[in-house]
Amino acid sequence: MARISLSRLLLVVLLAACGRAFEVKNFPSPESLYEASLREYERGKWDRAVLGFEELTLQLSPRDTLLPRSFYYLATAYERRGEHLLAAQGYARLVETFPTDTLADDALFEAAQAYQRMWKKPELDPQYGESALQTYRMLLSAYPDSPRKVDAEAGIARLNEWFATKDFENGMHYFRRKAYDPAILYFKDVVARYPQTDAARRSGLQMLESYGRVRYKEEAAELCTTLRQTYPTDKDVRARCGAPPPAAASVTPASPTP
């Protein structure tokens, strides 16, 4: 009988193990456990993938190139199970342990995404939104040439829209209760901190309405000038502020009569 090669024997062992319940003790080496865990991951068997990669993070040497990948796959398997916080923590662990690994910038991006998913609505506590923002900024600072840069900037823009919306709604809370001065403070803050958001435009218009309610005529006139400059084609601005005044015609002084 031909001798069975070591690799074929290992394959037989792996196939037999996969036929049974997934137990880490069924795999004789970290390499075989990694291959089996990756197979379960690719099949979408997230519970088994978590079990295998979690064990690998304990077994593998810090110098083993499979360790950062095990961290990454473990965190992603958590994410697929909907355990966003565990996923974010797992990605962060990879970055802290292997900051120069090729997966580090991907891990930071995925961690930020996981945090962002936990902030369900703008009106809710923005704790996880703030964590996402901090993580995106860390990515841009630590890995400025990362292919994830554009996606991270887009993530920041979405977060800023939500932060701005939250503050805008706080201003509206006071506006509806006719507490116009605190409402104005919130609207001003949105315009100053998040000028690129649509909430900034809406805050400017609501600030103008608030000025009208308390008869702050000079402030309203100044704000209209700013709004016309910032949103020159916006129909709501034109409806509230009217067309800009015509520019004063330049007058050429008459030449003195000799």
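What counts and how
Here the residue index of a chain counts from 1 through its sequence in written order. Predicted model: local features are reported for residues with pLDDT of at least 70 only, side-chain atom pairs are reported and counted for 80 or more only, and whole-chain, interface and lining totals are derived from all residues. Computation of side-chain values: all heavy atoms of the structure, hydrogens and water removed. The criterion for a disulfide is a pair of cysteine sulfur atoms lying within 2.5 Å. Put simply, DSSP H or I for four residues or longer makes a helix, DSSP E for two residues or longer makes a strand, and each gets a number counted from the N terminus. A simple rule labels every residue: compare its accessible area, found with a 1.4 Å probe on the protein chains alone, to the largest value its type can have, and call it buried under 20%, exposed over 50%, or partly exposed in between. When a carboxyl oxygen of Asp or Glu lies within 4 Å of a side-chain nitrogen of Lys or Arg, that pair is called a salt bridge. Every residue gets a pLDDT, meaning the predictor's confidence in that residue, from 0 to 100. The contact definition used throughout considers only heavy atoms, calling two residues in contact when any of these lie within 4.5 Å. Two rings from Phe, Tyr or Trp (for Trp, the six-membered ring) form a pair when their centres are within 6.5 Å of each other. A pair whose planes differ by under 30 degrees is stacked, one over 60 is edge-to-face, and the rest are tilted. Think of it as a cone above the ring: NZ of Lys or CZ of Arg counts as a charge over the ring if it is within 6 Å of the ring centre and within 35 degrees of the ring normal. Definitions used throughout: a 1 Å grid over protein atoms alone; a cavity as a set of points that fits a 1.4 Å probe which cannot get out; a pocket as an open set with protein on both sides within 12 Å along at least five of seven lines; a lining residue as one with an atom within 4 Å of a point. Grid points are joined across faces, edges and corners, and a volume is the space filled by probe spheres set on the points. Any residue outside Ala, Val, Leu, Ile, Met, Phe, Trp, Tyr, Cys, Pro, Asp, Glu, Lys and Arg is labelled polar, Gly included; the first ten of those are nonpolar and the last four are charged. Interaxial angle, 0 to 180 degrees, is taken between N-to-C directions of lines fitted to C-alpha atoms, where a helix line uses only the stretch in contact. These descriptions rest on fixed angle ranges, namely under 35 degrees for roughly parallel, over 145 for roughly antiparallel, 65 to 115 for roughly perpendicular, and the rest for oblique. Note: crossing handedness is left-handed where the near helix turns anticlockwise from the far helix by less than a right angle, and right-handed where it turns clockwise.

### Quick notes on the state of the cysteines
For step 1, the next point in the chain: Using the criterion set out here, one finds one disulfide in the structure.
For step 2, the next point in the chain: There is a disulfide in this structure between cysteine 224 and cysteine 241, and the S-S distance comes to 2.2 Å. With the S-S dihedral at roughly -80°, the linkage between cysteine 224 and cysteine 241 falls on the left-handed side. In this pair, cysteine 224 is assigned in helix H11 (residues 217–230) and cysteine 241 in helix H12 (residues 235–241), connecting sequence segments 17 residues apart.
For step 3, the next point in the chain: Overall, cysteine 224 belongs to the buried group, its relative accessible area being 8%.
For step 4, the next point in the chain: For cysteine 241, a relative accessible area of 12% translates into the label buried.

### Brief notes about the pattern of salt bridges
For step 1, the next point in the chain: For the structure shown, the criterion picks out 16 salt bridges.
For step 2, the next point in the chain: A salt bridge links lysine 25 to glutamate 23; its shortest N-O distance comes to 3.4 Å.
For step 3, the next point in the chain: The exposed category is assigned to lysine 25, whose relative accessible area is 69%.
For step 4, the next point in the chain: We note a salt bridge from glutamate 110 to arginine 148, for which the minimum N-O separation is 3.2 Å. Taken as a pair, glutamate 110 in helix H6 (residues 104–118) and arginine 148 in the loop between helix H7 (127–142) and helix H8 (149–176) lie far apart in primary sequence, 38 residues in all. Neither residue differs from the other here; glutamate 110 and arginine 148 are each classed as buried.
For step 5, the next point in the chain: Taken together, the shared-partner salt bridges connect Asp198, Arg201, Arg202, Asp234 and Asp236 into one network.

### Remarks on the confidence of the model for the protein
For step 1, the next point in the chain: On average, residues of the protein score 90 in pLDDT, and 87% of them reach the 70 mark or higher.
For step 2, the next point in the chain: Between residues 7–19, whose pLDDT stays under 50, and residues either more than four places distant or in other chains, the model counts 13 contacts.

### Looking at the packing of aromatic side chains
For step 1, the next point in the chain: Applying the stated criterion across every chain yields a total of 15 aromatic pairs.
For step 2, the next point in the chain: Ring geometry for tyrosine 211 and tyrosine 216: centres 6.0 Å apart, planes at 45°, overall tilted.
For step 3, the next point in the chain: You can call tyrosine 211 buried: its relative accessible area is 6%.
For step 4, the next point in the chain: Sitting above the plane of the phenylalanine 168 ring, arginine 202 keeps its charged end 4.6 Å from the centroid.

### Comments concerning the layout of surface pockets
For step 1, the next point in the chain: The volume enclosed by the largest pocket comes to roughly 230 Å³.
For step 2, the next point in the chain: Lining the largest pocket are 14 residues; nearest its centre among them are Val191, Leu223, Thr226, Leu227 and Thr230.
For step 3, the next point in the chain: Breaking the lining of the largest pocket down by element, the ones donating at least two residues are helix H10 (198–213) and H11.
For step 4, the next point in the chain: With six residues, H11 is the single largest residue contributor to the lining of the largest pocket.
For step 5, the next point in the chain: Per-class residue counts for the lining of the largest pocket are eight nonpolar, three polar and three charged.
For step 6, the next point in the chain: Its boundaries defined by the atoms lining it, the second largest pocket holds a volume of some 190 Å³.
For step 7, the next point in the chain: As for the second largest pocket, its lining consists of Pro126, Glu130, Leu133, Arg137, Asn160, Phe163, Lys166, Asp167, Arg193 and Tyr194.

### Structural notes on unusual backbone geometry
For step 1, the next point in the chain: Here the phi dihedral of lysine 178 falls at roughly 60°; this positive angle occurs in a residue that is not glycine.
For step 2, the next point in the chain: One can find lysine 178 in the loop between H8 and helix H9 (180–193).
For step 3, the next point in the chain: Since its relative accessible area comes to 63%, lysine 178 is described here as exposed.
For step 4, the next point in the chain: Positive phi is not limited to glycine here, since arginine 215 has a value of about 60°.
For step 5, the next point in the chain: One can find arginine 215 in the loop between H10 and H11.
For step 6, the next point in the chain: Residue classification places arginine 215 among the exposed residues on the basis of a relative accessible area of 72%.

### Quick word on the packing of H8 against H10
For step 1, the next point in the chain: Put simply, H8 and H10 touch, their axes get as near as 9 Å, and they point 15° apart. Classed by the angle they form, the pair H8 and H10 counts as roughly parallel. The handedness of the crossing between H8 and H10 comes out as left-handed. Where H8 approaches H10, its residues Glu161, Ala164, Thr165, Phe168, Met172 and Phe175 are matched on the opposing element by Asp198, Ala199, Arg202, Ser203, Gln206, Glu209, Ser210 and Arg213.
For step 2, the next point in the chain: Here the residues of the contact of H8 with H10 sort into five nonpolar, four polar and five charged.

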